[in-house]
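Descriptive structure summary
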Amino acid sequence: MNVELLDRVMNLVGELVLARNQMVRFAETVPDSDLTETCQRLNQVTTQLQEEVLKTRMQPIATIWQKFPRAIRDLAIASGKQVQVEMNGADTELDRSVLEAIKDPLTHIVRNCIAHGIETPEIRSSRGKPIQGKLALHAWHEGGTVKIEISDDGNGIDPQQLKQQAQKLGILSAVEAEKIGEAEALNLIFVSGFSTAAQVTNLSGRGVGMDVVKTNLDAIDGKVEVDSQVGQGTKFKLKIPLTLAIIPALIADSGNHRFAIPQVSIQELVQLEVETSLLEIETFYDIPVYRLRGKLLPLVYLNQTLQLQAVRADAEIINIVVINADNYCFGLVVDEIQDIQDIVVKPLGKQLRDVSAFAGATILGDGKIALIIDAVGLANCAGVTSQLQQQLAIATATAVEERTGDRQSILLFHGGSGARMGLLMSQVFRLEEFDPIAVEIVAARPVVQYRNTILPLIYLHQIFGNSDVSKSRSLQPPLTRGAISPQLSSDFPESRSPQPPLTRGAISPQLSWAREATNGKDDKLQVIVVELDRERSLGLVVERILDIVEEPLAIAGHATRSGILYLAAIQGQVTEILDLHTIVQIAYPYLLQSVNS
C-alpha cells in the first residue's frame, strides 16, 4: 500500500475532525434541533471514518518481533548463554509511527535481558534452574493503549547494587542512596551513563541503551516500569499509545489561554473551594503541596510556570488536574476545565521545538490554537522532579503508615432516593460522566458506547428506589446519540460547577427514563465504571458522587435489603456498602454467566 497516500488521507481526516469540532461547538450555541441532529450525525460518521482510517495505518507488533528470535539467538551465542523465546500477542496492532518509535526501546530491553539478566548455563545449573533461560514477550490492548511486557527468569536486579554503582558513578550521594526506595533504585538503570557491567563488551558496559528506552518512550507519551526479584528475574512493563495523530485530550484554560492535556497522562480531577484550600494546601521544600488521600501531591500553577496572567481574583474553585508523569504524580492547577476532545496533533515550529513544556499544538473547534502540554517537561520546568517526589515520600511515610494501617479507600455516593452508599475503590475502574442522550437501548437494557466497547448501564435508583426496574425495558431507544463525555474524576464533585447541557432543541419523551437519574434535569449522568474481568465492564449510574475517603471499614449493622453487603459508619454517617455481585445478578444476570464461563 502507498504509505504517502495513507499519510495524506490521515491528514485530511485530521482536518475533518477539526471541522467536526467547529460544527459541534457552533451547534451548541444555536437552539436548532435539526442542526443539532445533523451535527450529531456528522460527529458519528466522522468518528467512524477516523477509526477506519486509523485501522489502515495499524500494523501488528509482529513486524518488529519477527526479527527478535534470530537476534536473540545470535546474542545468546555471543554471550555463551542458552535462551528460549516465548511470544504472545504478536497480532496486537499499533500505528506504524508508534511502531517505529518503540523499535529501538524494545531492542535495547531484549539486549539488556540477555546481557544482564539471564545467567550462563553453569550458573543456572548451580542454582537449580534449567540451563536454558526464558525470555517472554507479551502484548495486548487495554483501555485505548497497548501494554507490552518483556520478562526473563534470570538474575533479577539488586536495588542495593544499583545504589552502590550510582554512588561510584557520582549519580547519587550516600545520603540520597540511603533514602530512596527500591522502586526508585530500579529506575536508576534509565539514567544516562549508568551501567552495572564490570567491563565494556559488544553487548553492554557503555552506559547507553536503557537511556534510549526512556527517552524514546517519553517522546510518544509512553511509560515504562521495572519489576524485579533477585534470583527470579526481571519484568519490564510498557504502556504505549495506539496512535500519535489523533488523541483524546482535556482542554483547560489558564491565564486567558487554552491548553490541551493528553488524556493518557491524566489520573483524576480534583476541585477545591478557595476558602478550604487555604488550610489544605501546604508548603514543602518551597513547593506547594496538597494532601490527597494521605499523600502529599506537589502542585504546579500553570499560569505561574508559564508566566501568564494571574488567576482571577473572584474565582471560587481551584481546579487541580492530577497528572501521572514519569511514574510519579503532580497536580496541575488551572483556571477552568472544559471538556475532553479528540485533537489533531500538529508539530511545533522550529522556534518552539526546544520548549520542553509543550509536545505540540492543535486547532480547537472555535479556530483557536491550543498548545499540548508535555507532562514530564512541564514538571521539570516547575522543579517537580523525581528527587522531590522521593523527599515527599520519605517525609510522609511514617505519617501515612500510622494513618492508614487498617484503612481502605472507599468511594461515597448517593445511590437511589438519596441513600448514602459506598463501594471499595479496588472495585472501581473509572468515574465518568455521560450526556443522557448518549444512552441507547439494546435488548431492552440501557447501554452506552464507551472507549470502543458497549458498556451496560445499571441505574441504582431503579434497583433501590421506588422506580420499577422494568420501566425502562418497554421504551424505545433515543433517535440520536451525543458525543461521549470526558474522563472526569473528582474528589469533591459536589463542589464542581455544573457543565452547561448540550443545546439540542426540544427534549424527546424517549429521554425521560434516562433523566430520572439526574432528578429531571439536563445534567450529566454520573457513572461508576467497574470491571468484572479484563474484558467486561459495566457502569453504575448514581445520583451524586460525594467523596473518596480512607477509613477503617468495620461492619456496623446487617444489610436491610438485597444488593447491600452490610452497613458501616463512615465519616460519622451510616453508609450502605454495595454488594456488586447481587446488583449485577438482578440487572444483568447473563453477564455473570458469561464471566463465569
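Residues numbered from 1 in each chain as written. Predicted model: local features only at pLDDT ≥ 70, side-chain atom pairs only at ≥ 80, totals over all residues. Heavy atoms only, no water.

1. Topic: the overall build of the protein chain
Note the following rule: The helix and strand labels rest on DSSP assignments: H or I over at least four residues marks a helix, E over at least two residues marks a strand, and numbering proceeds from the N terminus. Relative accessibility thresholds used throughout: buried, under 20% of the residue-type maximum; exposed, over 50%; partly exposed, between the two (1.4 Å probe, protein chains only). For this analysis, residues touch if any pair of their heavy atoms sits within 4.5 Å.
Scanning the protein chain for helices and strands turns up 18 helices and 30 strands. Within the span of the protein chain, comprising 597 residues, buried residues form 46% of the whole. Restricting the contact set of the protein chain to residue pairs at least 6 apart, pairs at least 24 apart contribute 68%.

2. Some points on the environment of Pro248
Its place among the elements puts Pro248 in strand S8 (residues 246-254). We classify Pro248 as partly exposed; its relative accessible area is 35%. For the pair Pro248 and Val264, spaced 16 residues apart in sequence, the C-alpha separation works out to 8.0 Å. Not counting chain neighbours up to four residues away, the residues in contact with Pro248 comprise Pro262, Gln263, Ile340, Gln341 and Asp342.

3. A look at the sheet that holds S8
Short version of the rule: When DSSP finds two or more bridges between a pair of strands, those strands are recorded as paired. Convention adopted: a line fitted to C-alpha atoms gives each axis, helices being fitted over their contacting stretch, and angles between N-to-C directions are expressed from 0 to 180 degrees.
Taking strand neighbours across the sheet as the criterion, the five strands line up as S16-S8-S9-S18-S17 in an open arrangement whose pairing is mixed. One side of each edge strand has no neighbouring strand; the edge strands of this open sheet are strand S16 (336-344) and strand S17 (358-363). Strand-to-strand twist of the sheet, defined as the mean angle between neighbouring strand axes without regard to direction, takes the value 35 degrees. The pairing of strand S9 (residues 257-262) with strand S18 (residues 369-373) spans two bridges and is parallel. The partner of Ala260 across the bridge, within S18, is Ile372.

4. Considering helix H10 (residues 210-219)
Counted only if it meets this: As used here, the arc is the angular range of directions from the helix axis to the C-beta atoms.
Looking only at H10, the buried set comprises Met210, Val213, Lys214 and Leu217. Relative to the axis of H10, the buried residues are bounded by an arc of 90 degrees and lie together on one face. Residues of H10 that are buried in the fold lie against helix H5 (96-117), strand S6 (223-229) and strand S7 (233-241). Phi for Asp221, located one or two positions after H10, is positive at around 60 degrees.

5. Observations concerning the packing of helix H4 (residues 68-78) against H5
Heads up, the condition is: Crossing chirality is assigned from the near helix's rotation relative to the far helix, an anticlockwise turn below a right angle marking it left-handed and a clockwise turn marking it right-handed. Classification convention: Asp, Glu, Lys, Arg as charged; Ala, Val, Leu, Ile, Met, Phe, Trp, Tyr, Cys, Pro as nonpolar; all other residues, Gly among them, as polar.
Two elements in contact, H4 and H5, have axes separated by 10 Å at closest approach and are oriented at 35 degrees. Remark: the crossing between H4 and H5 carries right-handed chirality. Contacts from Phe68, Ile72, Leu75 and Ala76 of H4 reach H5 at Leu106, Thr107, Val110, Arg111 and Ile114. Of the residues contributing to the contact of H4 with H5, the split by class is seven nonpolar, one polar and one charged.

6. What about the side chain of Asp95?
If you trace the backbone, Asp95 turns up in strand S3 (residues 93-95). The exposure class of Asp95 is buried, given its relative accessible area of 0%. Those residues in contact with Asp95 that lie beyond four places of it in its chain are Leu54, Arg57, Met58, Leu242 and Thr243.

7. Section: the sheet that holds strand S5 (residues 145-152)
The strand order across the open sheet formed by five strands is S2-S4-S5-S7-S6, and the pairing between neighbours is mixed. With partners counted over all chains shown, the strands left at the sheet margins are strand S2 (83-88) and S6, one partner each. Strand-to-strand twist of the sheet, defined as the mean angle between neighbouring strand axes without regard to direction, takes the value 15 degrees. One ladder, built from six bridges, connects S2 with strand S4 (residues 133-142); its direction is parallel. Residue Val85 lies in a different strand from S4, and its bridge partner there is Leu135. Contacting S2 and S4, H4 crosses the sheet at an angle of about 160 degrees to S2.

8. Observations regarding the side chain of Gln271
Test applied: Residues adjacent in sequence count toward polar contacts only when both atoms are side-chain atoms; beyond that, a polar contact is any pair of N or O atoms within 3.5 Å, and within protein one must be able to donate a hydrogen and the other to accept it.
When you line up the elements, Gln271 lands in strand S10 (residues 266-273). For Gln271, a relative accessible area of 8% gives the class buried. Looking at Gln271, its side chain comes within polar contact range of the side chain of Asn319, at 2.5 Å.

9. Overview of the environment of Leu186
Residue position: Leu186 is located in helix H9 (residues 182-186). With 39 residues separating them in the primary sequence, Leu186 and Glu225 have C-alpha atoms 8.9 Å apart. Not counting chain neighbours up to four residues away, the residues in contact with Leu186 comprise Ile157, Pro159, Leu162, Val226 and Ser228.

10. Quick notes on unusual backbone geometry
Even without being a glycine, Asn256 presents a positive backbone phi close to 65 degrees. Here Ala444, not a glycine, exhibits a phi torsion of approximately 65 degrees, which is positive. Structurally, Ala444 is set in the loop between strand S22 (439-442) and strand S23 (445-450).

11. As for the pattern of salt bridges
Formally: Salt bridges are defined by distance alone: a side-chain nitrogen of Lys or Arg within 4 Å of a carboxyl oxygen of Asp or Glu.
According to the stated counting rule, one finds 12 salt bridges in the structure shown. Note that Lys103 is salt-bridged to Glu100, the shortest N-O span being 3.7 Å. You can see Lys103 and its partner Glu100 sitting in helix H5, three residues apart, about one turn around the helix. Take Glu100: its relative accessible area is 52%, and that puts it in the exposed class.

12. Considering the confidence of the model for the protein chain
For clarity, the threshold we go by: The predictor rates its confidence in each residue with pLDDT, a number between 0 and 100.
When pLDDT is averaged along the protein chain, the result is 77; 79% of the residues meet or exceed 70. The spread of mean pLDDT over the elements of the protein chain runs between helix H16 (residues 512-515), the lowest at 42, and strand S26 (residues 537-542), the highest at 92. Below a pLDDT of 50 lies the segment residues 398-405, which in the model reaches four contacts outside its immediate sequence neighbourhood of four places, other chains included. pLDDT under 50 marks residues 466-522. Its contacts with residues more than four places away, or in other chains, come to 138 contacts.

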